[in-house]
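# Coordinate analysis (summary)
Spelled out from the first residue to the last, the chains are:
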Amino acid sequence: MFESIILILDSTVRVSTPLLLACLAGLYSERSGVVDIGLEGKMLGAAFGAGAVAYLTANAWLGLLAGIAVSIGLGLLHGFASITNRGNQIVSGVAINFLAAGLTALLGQTWFRQGGRTPSLPEGGRFREIVWPFAEQLRDVPVIGPLYSELLSGHNLLVYCAFLAVPLTWWVLFRSRFGLRLRAVGENPAAVDTAGISVTWLRYRAVIACGALCGFAGSYLSIAAGSGFGVNMTAGQGFMALAALIFAKWRPVNAMFACLLFGFLDASGTRMQGVEFPVIGELPLQVFQALPYVLTVILLAGFIGKAIPPKAAGVPYLKERS
Amino acid sequence: MSDTPAIELRKINKRFGSVHANKDIDLVVGKGSIHGIIGENGAGKSTLMSILYGFYQADDGDILVNGNKVIIPDSKAAIGLGIGMVHQHFMLVDNFSVLENVVLGAEDSQMLSGGLARARTELKRLEEEYELRVDPDALIQDLPVGLQQRVEILKALYRSAEVLILDEPTGVLTPAEADHLFKILEVLKNEGKTVLLITHKLREIMAATDTVSVMRRGEMVATRETKNTSMEELAELMVGRSVLLRVDKKPAEAKAPVMEVENLTVTDSRGVQVVKDVSFNVRAGEIVGIAGVSGNGQSELLETLSGIRRATKGTLKINGETIDLGTSTLDAADMRAKNMGHVPEDRHRMGLINSFAEYENSILGYHRDPAYSKGWLMDLAAIRKNAVAEIEKYDIRPPSPMLKTANFSGGNQQKIVLAREIERDPEVLLVGQPTRGVDIGAIEFIHRRIVELRDEGKGILLVSVELDEIRALSDRVLVMFDGRIVGERGANAEEGELGLLMAGVEDNNKNAAEGGAR
């Protein structure tokens, strides 16, 4: 029993990582007032960029950089449409999702001719599991052993990055000048403007931070968790991250717990396949997959407190003509 | 006062497309003075101040601060020159604390903690020096507007502003809060700061300023020492002709009642009774004013009578027809069909669709009228013809029916609503806050039009929180307090007496007053 709980938790961590990275990415963007429905597309683009470059160079680090670059590029596109040209942020985000979905498959097929996939990564092209010191020796110690060697040790670098990004984001948001301005611009951009700060540059920085984190999320899928890019490999995780962001009420620590919860539902869903429950019987996998969305809808309907988005989210900033 | 002016503007020009918002503006503001700038809405006051604060760039002209020619490309530059501004709509982040709002944009370093600590001590000092007390840890959303404005002033002082611009600062304040603000401005002046006060309220200029400059249609038309001028002179300068500050009307010739309300009770969505057993009538050829402090049931009364809100019980007799309001399902369109016009209290929320063109708004609510349709299509030619006629009759400016309503000034927007309702020739007109946010020239026009309608023998129910307006227009005044009508007075009711009733002080000679007015 204990062992299977550890296994579920272990896979919870793995499943939650890309969600968490994308969720924090969305947090930077939306806190600045730029709604980003294009998390999915940015992740996908990053996964492809990372997969392709890591395959060609056999270097995971270059792959990661490429993933981040692609994602930031898409983020800047979103910024250009919605910040500079004050376009509709939803439309721009949806366009980025379509663009990424189509372009990755097309380029993948053109360059590698494997049905849109990138070839399996060579040695060095992947982020490997990091085994913590004494993990092997401690394995057989009851309770602490499995916790240490299974749950904490043995993940790849990006997993640790994701969880370290949580306190970092919290600090940036609530303890730094940039964070204060970021939160302000998402609530009342006019207040920021009249305080002598550029709304445009501030929002661009938020969009770039969002791109970078989405780059990590996408790269995780193709060169850390997986071994190469597969067509549409994000499979809606960008949207799931968006749901988690709402669930977390746009707060970093909440975001971590929301992503862990969603990850846990996913991980236990896979494990519960074929398991007979008392009274209700066997539950189809789809029930577990749908739960995150169901929970988010329940939250939005006001049953679990209130989720109030940043006031200026989705509204392009325009100096009023008096 | 030293000789070099704090601010000097020379030949400032600013155009927005075809609109010449500022024409060759010259302005000299003496150091350590309170300088008022008065003008109607749309006269270009706010544009001029936005140029000074770096929000807009002037097309040409010079700005001198302390005698030095400067260029102000953005707000940051203005702040650097010691210019601070308190905007009409506060530039505060609602879910931030006072401290965070003050610090925003002036944080010192990448880390917040240092800046916040410094701001805390500095706020304490400012608090004592200028008597501006605010809890630094309170959230803005929990503060009343008077205190929010104080935070805006503190923000400017924290950035060591020497010149403080206040744009229509009293629009959102109660009279008591406004008086307090003027006291603060006096303290600022005594500490050597220069204050620029932008307003369209004559009373404030007379009460608070040393010097006043008058703007009209983008031009600076005069500058006066406040003590050497009068409200009448300023009003004339603002509008460009002499203005009656009171309404000229003959006594009412009231006839039979056209609208009778009996035992009206209204409950709001929270289940609270907001209108309690109210009965009154409006006769043909009279204006009945409903006075009261905002939020005492007047809005709900007006909404119920116009068919927007449901009553719990009560009857309405209109044109001889009796309607049980407790069970009626009549909506706003049905009420309009019964010859009842309605000028809603909030033109932006209920009277107009700001993104529609003027001509579209000119038939809003009457769009089913056969006069404006061809079968199930709109008869655009007829609608536009009607709009042009109304524009001319009501002097709506600019006279362009195709212009978006949002681009009209408040006074002209209100005229659009008024024209639409009055020109349908209603027997009863419900009017809510007809001159809220409307400039003085338009107020005069609107008041005259309402009185004309009365003289044509229509019944008018006027709801206004402006006691001056109620007293100027009404032939009978009903005072509402806590959902009830607590008193009735004739046309020449004393301001103090009405004020007491509005404050809920028991009416001692209620019976006598009722007997007298009926």
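Residues numbered from 1 in each chain as written. Chains lettered and ligands numbered in written order. Predicted model: local features only at pLDDT ≥ 70, side-chain atom pairs only at ≥ 80, totals over all residues.

As annotated in an unreviewed UniProt entry, chain B carries the name ABC transporter ATP-binding protein and is attributed to Roseibium sediminicola. According to the UniProt record, the Sequence similarities (unreviewed entry) comment for chain B reads "Belongs to the ABC transporter superfamily." (UniProt positions renumbered as here; feature names shortened; annotations may be inferred.)

Looking at an unreviewed UniProt entry, one finds chain A named ABC transporter permease and attributed to Roseibium sediminicola. The UniProt entry for chain A carries the following text under Subcellular location (unreviewed entry): "Cell membrane".

With that settled, the discussion passes to the overall build of chain B. When helices and strands are counted, chain B shows 18 helices and 22 strands. Dimensions along the principal axes, computed over C-alpha positions, put chain B at roughly 70 × 50 × 50 Å. Burial analysis of chain B (518 residues in total) assigns 46% to the buried set. In chain B, once contacts between residues fewer than 6 apart in sequence are set aside, the share between residues at least 24 apart is 68%. (Helix = DSSP H or I, 4+ residues; strand = E, 2+ residues; numbered from the N terminus. Buried ≥ 20, exposed ≤ 12 C-beta atoms within 10 Å, placed from the backbone. Contact = placed C-beta atoms within 7 Å.)

All names here are of chain B. Spatially, β6-β7-β8-β3-β9-β10 is the arrangement adopted by the six strands of the open sheet, whose pairing is mixed. Looking along the sheet, the strands with just one partner apiece sit at the ends: β6 (83–86) and β10 (219–225). Across the sheet, the mean angle from the axis of one strand to that of its neighbour is 20 degrees, orientation sign disregarded. Bridge count between strand β7 (residues 163–167) and strand β8 (residues 194–199): five bridges; the pairing is parallel. By the bridge assignment, Val-163 is partnered in β8 with Thr-194. Contacts from helix α5 (residues 145–158) reach β6 and β7 within the one sheet, and its direction differs from that of β6 by about 170 degrees. Sheet strands touched by helix α8 (residues 231–239): β3 (34–38), β9 (211–216) and β10. Its angle to β9, the strand with the most contacts, is close to 30 degrees. (Pairing = 2+ DSSP bridges. Axes fitted to C-alpha atoms, helices over the stretch in contact; angles between N-to-C directions.)

A few words now on the sheet that holds strand β13 (residues 286–291) of chain B. Neighbouring strands of a sheet are bound in pairs by backbone hydrogen bonds; such pairs are parallel or else antiparallel. Residue and element names in this part refer to chain B. With respect to topology, six strands assemble into an open sheet ordered β16-β19-β20-β13-β21-β22, the strand pairing being mixed. In this open sheet, the two strands that pair with only one neighbour each are β16 (340–343) and β22 (484–490). Strand after strand, the sheet turns through a mean of 20 degrees between neighbouring axes, direction not considered. Both strand β21 (residues 476–481) and β22 contribute to a ladder of six bridges, which runs antiparallel. Across the sheet, residue Val-477 finds its bridge partner in β22, namely Arg-489. Its contacts with the sheet place helix α14 (residues 410–422) against β16 and β19 (428–432), and it is angled at close to 175 degrees to β16.

Glancing now at unusual backbone geometry. Residues and elements named next belong to chain B. Residue Pro-398 follows Arg-397 across a cis peptide bond; omega there is -10 degrees. By secondary structure assignment, the location of Pro-398 is in the loop between α13 (380–393) and α14. One non-glycine residue with positive phi stands out, namely Ser-160, at about 45 degrees. Along the chain, Ser-160 turns up in the loop between α5 and β7. Residue Asp-482 is not a glycine yet carries a positive backbone phi of 50 degrees. Within the element layout of this structure, Asp-482 appears in the loop between β21 and β22.

Quick look at the UniProt feature "transmembrane region" (unreviewed entry) in chain A now. Residues and elements named next belong to chain A. UniProt feature "transmembrane region" (unreviewed entry): in the numbering of this structure it lies at residues 64–83, 90–112, 157–174, 206–223 and 253–270. Between the end C-alpha atoms of residues 206–223 there is a gap of 25 Å, over a span that is 100% helix and 0% strand. In residues 253–270, helix accounts for 100% and strand for 0%; the two terminal C-alpha atoms are 26 Å from one another.

Turning next to the nonpolar core. If you look at the biggest cluster of nonpolar residues, it comprises 223 residues, and the most contacted ones within it are Leu-21, Cys-23, Leu-213, Ala-244 and Ala-255 of chain A together with Ile-165 of chain B. Among the elements that make up this core, the one with the highest residue count is helix α10 (residues 199–225) of chain A (16 residues). No fewer than three residues from each of domain 1 (7–239) and domain 2 (257–354 + 408–517) of chain B sit in this core. Not counting residues within four places of it along the chain, the set of residues in contact with Leu-213 of chain A comprises Leu-21, Leu-24, Ala-25 and Ala-165 of chain A. (Core = buried A, V, L, I, M, F, W, Y, C linked by C-beta atoms within 7 Å. Domains from an automatic or database assignment.)

Take the confidence of the model for chain B next. All names here are of chain B. Residues with a pLDDT of 70 or more make up 96% of chain B, whose mean pLDDT is 88. With pLDDT under 50 throughout, residues 510–518 is counted as low confidence; its partners more than four residues away or in other chains account for nine contacts. Reported confidence for the predicted complex is 0.86 by ipTM and 0.76 by pTM. (pLDDT = per-residue confidence, 0-100.)

In this section: helix α9 (residues 298–305) of chain B. Residues and elements named next belong to chain B. Most of α9 sits inside the fold, with eight of its eight residues counted as buried. Listed in full, the buried residues belonging to α9 are Gln-298, Ser-299, Glu-300, Leu-301, Leu-302, Glu-303, Thr-304 and Leu-305. Once α9 finishes, Gly-307 follows within two positions and takes phi at roughly 90 degrees, a positive value.

Attention shifts here to the environment of Lys-338 of chain B. All names here are of chain B. Here Lys-338 shows up in the loop between α10 (332–337) and β16. For Lys-338, a count of 17 C-beta atoms within 10 Å puts it in the partly exposed group. Sequence-distant contacts of Lys-338, that is, excluding residues within four places in its chain, are made with Ile-318 and Asn-319.

The next thing to look at is the interface of chain A and chain B. Listed per partner, the contact involves 18 residues of chain A and 26 residues of chain B. When residues of the side of chain A that touches chain B are traced back to their parent elements, those giving at least two are α8 (177–187) and α9 (189–194) of chain A. Per-element accounting of the side of chain A that touches chain B gives the leading share, five residues, to α8 of chain A.

Once that is clear, we can look at the pairing of strand β4 (residues 60–65) of chain B. All names here are of chain B. The pairing of strand β1 (residues 7–16) with β4 spans five bridges and is classified as antiparallel. Bridging from a neighbouring strand, Arg-10 pairs with Asp-62 of β4. Sheet topology note: the β4/strand β5 (residues 68–70) ladder contains three bridges and is antiparallel. Bridge pairing in β5 links Val-65 to Asn-68. Hairpin connection of β4 to β5: two residues between the antiparallel strands, including Asn-66 at a positive phi of 55 degrees.

Turning to the pairing of β7 of chain B, a few remarks are in order. Residues and elements named next belong to chain B. Among the five residues of β7, five are classified as buried, and the element is accordingly described as predominantly covered. The two faces of β7 match: Val-163, Ile-165 and Asp-167 on one face and Leu-164 and Leu-166 on the other face are all buried. Pairing of β6 with β7, which is carried by four bridges, proceeds in the parallel orientation. Within β7, the residue paired with Met-85 across the bridge is Ile-165.

All names here are of chain A. The contact between helix α1 (residues 2–31) and helix α7 (residues 157–175) brings their axes to 9 Å, and the two run at 30 degrees. Of the possible angle classes, the one that applies to α1 and α7 is roughly parallel. Crossing handedness for the pair α1 and α7: left-handed. Taking contact as the criterion, the partners of Val-13, Arg-14, Thr-17, Leu-20, Leu-21, Leu-24, Leu-27 and Arg-31 in α1 are, on α7, Leu-158, Val-159, Ala-162, Ala-165, Thr-169 and Leu-173. (Parallel < 35°, antiparallel > 145°, perpendicular 65-115°, else oblique. Left-handed = near helix turned anticlockwise from the far one by under 90°.)

Below, the discussion takes up the domain arrangement of chain B. Residue and element names in this part refer to chain B. Domain assignment breaks chain B into domain 1 (7–239) and domain 2 (257–354 + 408–517). Taking the mean C-alpha position of each, domain 1 and domain 2 sit 36 Å from one another. Contacts between the two partners involve seven residues from domain 1, matched on the other side by six residues from domain 2. In the side of domain 1 that touches domain 2, the residues fall into three nonpolar, three polar and one charged. (Nonpolar A, V, L, I, M, F, W, Y, C, P; charged D, E, K, R; others polar.)

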